[in-house]
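Reading the structure
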Amino acid sequence: MYATQALTNLVPLAEELDKNKVTPGVLGFIVFAALAVGVWALMKSMNRHMGRVNFEETPEAEPASEEPAEPVSAKRK
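Reading the values: rules and limits
Residues numbered from 1 in each chain as written. Predicted model: local features only at pLDDT ≥ 70, side-chain atom pairs only at ≥ 80, totals over all residues. Heavy atoms only, no water. Helix = DSSP H or I, 4+ residues; strand = E, 2+ residues; numbered from the N terminus. Buried < 20%, exposed > 50% of the residue type's maximum accessible area, 1.4 Å probe, protein only. Areas by Shrake-Rupley, 256 points an atom, 1.4 Å probe, with all protein chains shown as cover. pLDDT = per-residue confidence, 0-100. Patch = residues over 30% accessible without salt bridge, like charges linked within 9 Å, V, L, I, M, F, W, Y side chains within 5 Å. Salt bridge = Lys/Arg side-chain N within 4 Å of Asp/Glu carboxyl O. Polar contact = N/O pair within 3.5 Å; in protein donor to acceptor, adjacent residues only side chain to side chain.

Turning our eyes to something else, we now look at the overall build of the chain. Summing up its helical and strand segments, the chain has 3 helices and 0 strands in all. Along its sequence from the N terminus, the chain presents helices and strands in the succession α-α-α. Within the span of the chain, comprising 77 residues, buried residues form 0% of the whole. For the chain, the exposed area adds up to about 8300 Å²; of that, 63% sits on carbon and sulfur atoms.

As a further point, take the confidence of the model for the chain. Within the chain, residue pLDDT values average 78, and 58% of them lie at 70 or more. The least confident element of the chain is helix α3 (residues 72-75), whose mean pLDDT is 59; the most confident is helix α2 (residues 25-52), at 95.

There is a patch of nonpolar side chains on the surface, built from Val-39, Met-43, Met-46, Met-50, Val-53 and Phe-55 and spanning about 590 Å² of accessible area. If you trace the backbone, Val-39 turns up in helix α2.

So, on to the environment of His-49. Mapping His-49 onto the fold places it in helix α2. Here His-49 falls in the partly exposed class, since its relative accessible area comes to 44%. From its side chain, His-49 meets the backbone oxygen of Ser-45 in a polar contact 2.8 Å long.

If you want it as structure tokens, here you go:
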């Protein structure tokens, strides 16, 4: 059986479908559920990693000399 013959047999079945009642079906639900589980896992992982971050800043060291530093371009002359 050729592919064209198979398609011509399916055309009457396609005309029986109501074009105003398109639903995602089981596959759409599975894809949506997989995306929801993936987002939940990413959020859980992010919360775990953010809990390990230390937000305390270390104090900056005092400069060794009080003289202002010269620009780099001034040293090349």
